[in-house]
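Commentary on secondary and tertiary structure
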Amino acid sequence: MTDFLVIGIGRMGSIHAKNLYKGRVRGARLTAVCDTDEKALNAFGAAHRGVALYKDYREAVEKSGACAAIIATPHYSHTEIAEYCILHGVNVLSEKPETVTIGEARRMNAVAKAHPEVLYGIMYNQRTNRMYAYAKKLMETGALGELRRVTLIVTDWYRSQFYYDMGGWRASWNGEGGGLLINQCVHQLDILQWLVGLPESLRAVARTVNRNITVENDVAVIMRYPGGATGEFVACGHEPRGTNRLEIAGDKGKIVIDKNKMTYIAYEKSEREINAGVTKGYGSTRVKKKRVSYGCVRKLRDLIYGQQMRVVRRFADVLNGKAKEPTAYGAEGARALEFINAVYLSAYGGKEVTFPVDSGEYDELLGKLKEEEKKHVRNL
Ligand SMILES: NC(=O)c1ccc[n+]([C@@H]2O[C@H](COP(=O)([O-])OP(=O)(O)OC[C@H]3O[C@@H](n4cnc5c(N)ncnc54)[C@H](O)[C@@H]3O)[C@@H](O)[C@H]2O)c1
């Protein structure tokens, strides 16, 4: 039985804590929670008897006796707390994003690498979606052949002014280091890099549409991948009936994932063979199709307990010797983050950005954006 500590029991952390408390994670139990907000802490304690309460994460890590911690605090604090857990031998599952800047993620990953005895995971729950897992297998076996095109449209994260006016740390450079990309789209961007890797370079435009916020809620990106494939990524948070669609096209086939349905189209002849064999201006081939859906029961369970619980279960299974690997290692968190930093550098610097991203250049940009935001808020 693994004893868990949940650090940050706001919106997300309280879901993790309740799932653990109610015994929904095999081989795990909730023994302690920590939050800087005393009111929230006491309310949680009153409703969940027998759970130790801490206001300071250092004290919680040192005194609770927990073997594992889940971090669900705002992004800027993730790595500071994760590092503290790792240095104290406590296995740690951090909420996404890993942190805010690629420089800090690289520093954190060096700490984690120096402590392989401690498990460091990250909450990329969309990797548990069986359509993405199937797509991952196809990519790993090379079923699609040479990568030709990637298109990702994520316009279904509608967020109203009311959401932003609830205040707090969200949707600001100072509070969370960005907007739509770092908060909402980081999940899809993790999936994108998981399936096709990071691009060689990108060029982006970001803007704020119809909301009184200082960060972006609308982004368009053009990517260039190693090997020459191109990609487009479009995201926004102001489309009432949004789209969530991923297309990966290769020389030998294609994957189309649209919301809860996936189609894998395998070409009988590769595009190279078609092109070499035709003596007319157009060409085609027979195809085989396989359809995969998210699954109604899984969807229902996710609605009740949260898709995130699957990641916590796997994490506990690894600690209890029942699984080999977590859903995602913490260090993998740097990849989607690097993509996001590159988009901001390109959009706000007005230039093409190549990978790996220059962390010093990004820190400088973020510093400026934070300062401008402070002036803007003072002028309101
Ligand atoms: N995996 C997902 O699908 C998913 C969904 C929602 C949120 N999240 C992530 O979870 C994190 C928290 O988001 P939220 O919506 O729950 O935010 P929230 O503001 O509702 O909760 C954060 C909590 O952390 C507490 N806190 C802040 N600093 C602390 C510290 N140093 N030590 C202890 N407690 C501290 C706050 O008092 C608050 O109760 C974010 O990083 C967010 O990206 C992930």
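Described in the following lines is the structure provided in the data block. Owing to the predicted nature of the structure, the values given are computational and were not obtained by experimental measurement.

1. Overview of helix 11 (residues 296–305)
Counted residue by residue, helix 11 has 0 buried out of 10 residues, so it is predominantly exposed. Downstream of helix 11 by one or two residues, Gly306 has phi in the positive range, about 90 degrees.

2. Focus on the site of the ligand
Around the ligand, the surrounding shell holds 25 residues, and the nearest of these are Gly8, Gly10, Arg11, Met12 and Glu95. Looking at which element gives the most residues to the shell around the ligand, the answer is helix 1 (residues 11–21), with 3 residues. When its residues are assigned to classes, the shell around the ligand shows 9 nonpolar, 11 polar and 5 charged.

3. Remarks on the sheet that holds strand 5 (residues 91–94)
Strand order in the open sheet formed by 6 strands is 3-2-1-4-5-6, with parallel pairing between adjacent strands. In this open sheet, the two edge strands, each paired with only one partner strand, are strand 3 (52–54) and strand 6 (120–122). Ignoring which end each strand starts from, the neighbouring axes of this sheet average 25 degrees apart. The sheet contact formed by strand 2 (residues 28–34) and strand 3 spans 3 bridges and is parallel. Along strand 3, the bridge assignment pairs Cys34 with Tyr54.

4. Points about the nonpolar core
Side chains of nonpolar character tend, in soluble globular proteins, to be buried together. Grouped together as the largest cluster of nonpolar side chains are 103 residues, with contacts concentrated most on Leu5, Val6, Ile7, Ala69, Ile340 and Val343. In terms of residues, this core owes the most to one element, helix 9 (residues 180–196), which gives 11 residues. Counting only domains with at least three residues in this core, you end up with domain 1 (2–126 + 307–328) and domain 2 (127–302 + 335–379). Excluding its chain neighbours within four sequence positions, the residues that come into contact with Leu5 are Thr31, Ala32, Val33, Cys34, Ala60, Ser64, Ala66 and Ala69.

5. Observations concerning the packing of helix 5 (residues 102–113) against helix 13 (residues 333–349)
Close contact between helix 5 and helix 13 brings their axes to 9 Å; oriented N to C, the two are set at 165 degrees. In terms of axis orientation, helix 5 runs roughly antiparallel to helix 13. Crossing of helix 5 over helix 13 shows left-handed handedness. Residue-level inspection shows Ile102, Ala105, Arg106 and Asn109 of helix 5 in contact with helix 13, the latter providing Gly333, Ala334, Leu337, Glu338 and Asn341. Here the residues of the contact of helix 5 with helix 13 are counted per class, giving 4 nonpolar, 3 polar and 2 charged.

6. Some thoughts on the environment of His16
One can find His16 in helix 1. Along the backbone, His16 and Leu93 are 77 residues apart, and their C-alpha atoms lie at a distance of 11 Å. Apart from residues lying up to four places away in sequence, His16 is in contact with Val6, Ile70, Ala72, Gln308 and Val312.

7. Some points on the packing of helix 1 against helix 12 (residues 308–319)
Relative to each other, helix 1 and helix 12 sit at 55 degrees, their axes nearing to 10 Å. Between helix 1 and helix 12, the crossing angle belongs to the class labelled oblique. Of the two elements, helix 1 crosses helix 12, and the hand of that crossing is right-handed. Across the interface between the two elements, Ile15, His16 and Asn19 from helix 1 touch Gln308, Met309 and Val312 from helix 12.

8. Considering helix 5
Over its 12 residues, helix 5 runs 16 Å from end to end, which matches the ideal 16 Å to within 8%, given 1.5 Å per residue. Looking only at helix 5, the buried set comprises Ile102, Glu104, Ala105, Met108, Asn109 and Ala112. Along the axis of helix 5, the buried positions cluster into a sector of 150 degrees, meaning they face one direction only.

Cut-offs applied
- Residues numbered from 1 in each chain as written.
- Predicted model: local features only at pLDDT ≥ 70, side-chain atom pairs only at ≥ 80, totals over all residues.
- Buried ≥ 20, exposed ≤ 12 C-beta atoms within 10 Å, placed from the backbone.
- Helix = DSSP H or I, 4+ residues; strand = E, 2+ residues; numbered from the N terminus.
- Near = placed C-beta within 6 Å.
- Nonpolar A, V, L, I, M, F, W, Y, C, P; charged D, E, K, R; others polar.
- Pairing = 2+ DSSP bridges.
- Axes fitted to C-alpha atoms, helices over the stretch in contact; angles between N-to-C directions.
- Core = buried A, V, L, I, M, F, W, Y, C linked by C-beta atoms within 7 Å.
- Domains from an automatic or database assignment.
- Contact = placed C-beta atoms within 7 Å.
- Parallel < 35°, antiparallel > 145°, perpendicular 65-115°, else oblique.
- Left-handed = near helix turned anticlockwise from the far one by under 90°.
- Expected span 1.5 Å × (residues − 1).
- Arc of directions from axis to C-beta.

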